[in-house]
Amino acid sequence: MKTIAELENFMSTPSEALIKDIQQLDGDIMILGVSGKMGPTLAKLAKRAVDQSGLPKKVIGVARFSDESLIEELEVSGIETIKADLLKEEDLQNLPNVKNIILMAGTKFGTFGNEHYTWAMNAYLPGRIAEKFKDSRIVAFSTGNVYPLTSVLSNGCTEDVSPNPVGEYAQSCLGRERVLTYFSHKYKTPVVLFRLNYAIDLRYGVLLEIAKSVFQGTPIDLTMGNVNVIWQGDANEYAIRSLLHTNHPPQIINVTGPETLSIRWLAYEFGKRMKKDPLFVNSESPTALLNNASHAHKLFGYPKVTVQQMMDMISEWVISDGQTINKPTHFQEREGAF
């Protein structure tokens, strides 16, 4: 994979399972907050699945679109776009009433020192959206950060583990979940709380950060010594297919890959591919932020793109100086200060 176009095409190619699920889904699909890291490819994936399903559904993307070139990119792919600031009540109320809502709007980085905005986006806004779309299905992106750090020997937190978020970002995400749960009870709105960590693309993500550190000879901090990841295309497919699994009260679905991955092992694997010796600082903690997604794998099957495939592609991308997005994950963060 050498170009962004090839990457986008790969990530937006629907599986037969997704196409079959789209055929069972009544109504159009609207993605709120479509302009983030995952949103554009999720929208393209949904549109291609709709087209191949043979059904006349609309896919609509809503965002502020500070980069207006994204509007053209989405519309060329057949996705309708609406430019709106969801925190403005008039903009929110002017949105069409659509049966299927994928809520991606939210904020993480820059929380420290701007906590009020984070809470407005992550907890207040979902309540306004839940009022507006009380008769819809809602798949709401959340995060595994709502879970506590857990033993690396535990196989990660399942959906049965009680949240215990560290830091205001994670607390605000739990706030999002609690507010949506309130409105789900109030209106019997079917909801999925989609607890994701960490999505991987060639342009961003935990694996890219480790690969770049290895390639550039930058020491890698091993304190957060283990991690879970999932290919962005697989995570997007799970999100769209989750529309058939919404419920009231909300269904919680953890979303990540099946492995608990050692940061040290990942670095050595990238080192083999790049003919570099990784450098490390500190040592592994006995706990990490780990998410057990076995329930999602039961619903949707295992991810199609494996860790080894991701490492192969990312190694090539880094060596060839492929385009990246300057949005680090801060996966090393243990105090929740984003």
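Residues numbered from 1 in each chain as written. Predicted model: local features only at pLDDT ≥ 70, side-chain atom pairs only at ≥ 80, totals over all residues. Heavy atoms only, no water.

A. Representation of the sheet that holds strand β12 (residues 251–255). Pairing is parallel in the open sheet, where 7 strands are placed in the order β3-β2-β1-β4-β5-β7-β12. Among the strands making up the open sheet, the edge pair consists of β3 (80–83) and β12. Shown here is a sheet whose adjacent strand axes are inclined to one another by a mean of 20 degrees, direction ignored. One ladder, built from 4 bridges, connects strand β2 (residues 59–63) with β3; its direction is parallel. Paired with valine 62 across the bridge in β3 is isoleucine 82. Sheet strands touched by helix α3 (residues 39–53): β1 (29–32), β2, β4 (100–103) and β5 (137–143). Its angle to β2, the strand with the most contacts, is close to 165 degrees. (Pairing = 2+ DSSP bridges. Helix = DSSP H or I, 4+ residues; strand = E, 2+ residues; numbered from the N terminus. Axes fitted to C-alpha atoms, helices over the stretch in contact; angles between N-to-C directions. Contact = heavy atoms within 4.5 Å.)

B. Representation of the nonpolar core in the model. In terms of nonpolar packing, the biggest core is built from 41 residues, with Ile31, Ile102, Phe141, Phe194 and Leu196 touching the most fellow members. With 6 residues, α3 is the single largest residue contributor to this core. When neighbours within four sequence positions are excluded, phenylalanine 194 is seen to be in contact with Val139, Ala140, Phe141, Ser142, Thr143, Ala235, Tyr238, Ala239, Ser242, Ile253 and Val255. If you look at the next biggest cluster of nonpolar residues, it comprises 35 residues, including Leu207, Phe270, Met274 and Phe331. (Core = buried A, V, L, I, M, F, W, Y, C linked by side-chain atoms within 4.5 Å. Buried < 20%, exposed > 50% of the residue type's maximum accessible area, 1.4 Å probe, protein only.)

C. Layout of helix α12 (residues 307–319). The end-to-end C-alpha distance of α12, which contains 13 residues, comes to 18 Å, matching closely the 18 Å that a straight helix rising 1.5 Å per residue would cover. Listed as buried for α12 are Val307, Met310, Met311, Met313, Ile314, Ser315, Trp317 and Val318. In this structure, the buried residues of α12 make contact with α1 (4–11), β8 (199–200), α8 (206–216), β11 (230–231), β13 (261–262) and α10 (263–274). Phi for aspartate 321, located one or two positions after α12, is positive at around 60 degrees. (Expected span 1.5 Å × (residues − 1).)

D. Just the environment of proline 286, in detail. Its place among the elements puts proline 286 in the loop between β14 (280–281) and β15 (287–288). When the C-alpha positions of proline 286 and serine 151 are compared, they lie 5.8 Å apart, and in sequence the two are 135 residues distant. Setting aside residues up to four positions removed in sequence, proline 286 forms contacts with Thr150, Ser151 and Val152.

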